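# Examination of the molecular architecture
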Amino acid sequence: AITPASLSAISYGARHGILFKNGLHLERLAHLEAIAFDKTGTLTKGTPAVTDVITREGVSEEEFLYIVASIERYSHHPLAQSIVQHAQSKITKELKQPEQLEDVPGFGVIGSLNNQEIKIGKREFFKKEAHAFCPNLSESFATEGKTVVYAKDDQGIIGMIALKDMVRSEAKEAISVLNELGIKTVMLTGDSEKTASAISKECSVENYIAGCLPEEKVTHVKTLKQTHETVAMVGDGINDAPALAHANIGIAMGEGTDVALETADIVLMKNNLSKIAQAVKLSKKMNAIIK
Ligand code: ADP
Ligand code: MG
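Residues numbered from 1 in each chain as written. Chains lettered and ligands numbered in written order. Predicted model: local features only at pLDDT ≥ 70, side-chain atom pairs only at ≥ 80, totals over all residues.

Identification of the protein as ATPase from Priestia filamentosa is taken from an unreviewed UniProt entry.

In structure tokens:
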């Protein structure tokens, strides 16, 4: 049953940009011990910008972007959308129609252009050839918190594209307050070790798990639940929905996908991460009143 105290807390939350679907989760927040965050679109704005384009000898930047964008325009991944936008600002001719397309969640896409297989995605999606392609440069991109995407044709790696996503302006402060409240913070991402390390530092998240496949987010939430009484998960994407459902408290970004919003127990209006710690404090206050 909803008590007057929780009712007034729920309406207080609603006025302050935190939408509680019911009183139970508001009460639970006071006991929060660990919180996992998705990276892209949650801690970061989710609109990465292309910063660097490196091609193999004999391939122009335009040619490379033309090939990659022709395939990526059919992917809904935020990286794909940014790459296509960047390519369209550089190339005037119409993009090509791929003959075949396959999404590989957590890794990238495979398409076919002029009967040639084109593979696009993170380094682990390829064999040694991607590790051998400009290793020093890719390492320094990752250290700057950039995500590196490779593309390959029949002759090998064609080039790589570095993208930088901005950490949300309130992220660092919001996470620091959670840390001060004694809540363990973890970032879950499919991105590389180096990039994850850089981004987690940028927003003061204590722990991170890199190379996390979409289905592994659930596993990590379950593991956290074994050692922590109450665990929350914050996410924005379709991929995050199962982990949101498995957490004791699922929190969705207000501009997240419909599935995330439907699955979550709490929605952060205006995507404001500071609202989480505020809600924890609100919950503690409310529970004190009830007692
Ligand atoms: P995240 O949201 O943490 O980046 P994903 O599981 O969506 O995690 O993707 C993991 C990684 O796989 C991305 O960082 C990217 O390097 C690569 N990737 C996935 N989809 C694509 C795509 N369509 N184009 C390029 N790279 C992709
Ligand atoms: Mg995301």
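## Quick look at the confidence of the model for the protein
When pLDDT is averaged across the protein, the result is 95; 99% of the residues are at 70 or more. Scoring the predicted complex yields pTM 0.92 and, for the interface, ipTM 0.96. (pLDDT = per-residue confidence, 0-100.)

## What about the domain arrangement of the protein?
A common way to report how large an interface is uses the accessible area buried once the components associate. With domains assigned, the protein is organised as domain 1 (4-45 + 167-290) and domain 2 (49-164). Each of domain 1 and domain 2 was reduced to a C-alpha centroid, and the two centroids are 32 Å apart. The partner domain 2 presents 13 residues to the 14 residues of domain 1 that form the contact. It is helix α9 (residues 193-202) that contributes the most residues to the side of domain 1 that touches domain 2, five residues altogether. Here the side of domain 1 that touches domain 2 is composed, by residue class, of four nonpolar, seven polar and three charged. (Domains from an automatic or database assignment. Contact = placed C-beta atoms within 7 Å. Helix = DSSP H or I, 4+ residues; strand = E, 2+ residues; numbered from the N terminus. Nonpolar A, V, L, I, M, F, W, Y, C, P; charged D, E, K, R; others polar.)

## A closer look at the nonpolar core
With 53 residues, the main nonpolar core has Ile 35, Ala 232, Met 233 and Ile 251 as its most contacted residues. Residue contributions to this core peak at six residues, all from helix α13 (residues 274-290). Non-local contacts of Ala 232, meaning those with residues more than four positions away in its chain, are made with Leu 32, Ile 35, Ala 247, Asn 248, Ile 249 and Ile 251. Grouped together as the second largest cluster of nonpolar side chains are 30 residues, Val 84, Phe 133, Ala 142 and Val 149 included. (Core = buried A, V, L, I, M, F, W, Y, C linked by C-beta atoms within 7 Å. Buried ≥ 20, exposed ≤ 12 C-beta atoms within 10 Å, placed from the backbone.)

## A short note on the packing of helix α1 (residues 4-15) against α13
In contact at an axis separation of 10 Å, α1 and α13 are set at 160° when each is read in the N-to-C sense. For the element pair α1 / α13, the angle class is roughly antiparallel. Where α1 crosses over α13, the handedness of that crossing is right-handed. The residues of α13 that touch α1, namely those facing Ala 5, Ser 6, Ala 9, Tyr 12 and Gly 13, are Ala 279, Leu 282, Met 286, Ile 289 and Ile 290. Taken together, the residues of the contact of α1 with α13 break down into eight nonpolar, two polar and no charged. (Axes fitted to C-alpha atoms, helices over the stretch in contact; angles between N-to-C directions. Parallel < 35°, antiparallel > 145°, perpendicular 65-115°, else oblique. Left-handed = near helix turned anticlockwise from the far one by under 90°.)

## Details of the site of ligand 1
Neighbouring residues of ligand 1: 20 residues in total, closest Thr 40, Ser 75, His 77, Lys 122 and Gly 190. Of all elements in the fold, only α3 (39-43), α5 (78-90), β5 (108-113), β6 (116-121) and β7 (147-153) reach the threshold of two or more residues within the shell around ligand 1. The residue inventory of the shell around ligand 1, partitioned by class, reads seven nonpolar, nine polar and four charged. In this structure, the shell around ligand 1 is formed jointly by two domains, domain 1 (4-45 + 167-290) and domain 2 (49-164), each of which donates at least three residues. (Near = placed C-beta within 6 Å.)

## So, the sheet that holds strand β4 (residues 100-104)
Taken in spatial order, the six strands line up as β3-β8-β7-β6-β5-β4 in an open sheet, and their pairing is antiparallel. The sheet is open, and its two borders are formed by β3 (49-55) and β4, each paired with just one other strand. Averaged over all neighbouring strand pairs, the angle between strand axes comes to 15°, with direction disregarded. Where β4 and β5 come together, five bridges link them in antiparallel fashion. Note that in β5 the partner of Val 104 across the bridge is Gly 108. Those strands touched by helix α4 (residues 61-72) are β3, β4, β5, β6, β7 and β8 (156-164), and its axis lies near 105° from that of β5. Against the sheet, α5 makes contact with β3, β7 and β8, and its axis sits at roughly 70° relative to β3, the strand it touches most. (Pairing = 2+ DSSP bridges.)

## With respect to the pairing of β5
The antiparallel pairing of β4 with β5 creates a hairpin that spans three residues between the two strands, and Gly 106 there sits at a positive phi of about 85°. Examined bridge by bridge, β5 and β6 share six bridges and lie antiparallel to one another. Its bridge partner lying in β6, Ile 110 is registered against Lys 119. Between β5 and β6, which pair antiparallel and follow one another directly, the connecting turn spans two residues, one of which, Asn 114, has a positive phi of 50°.

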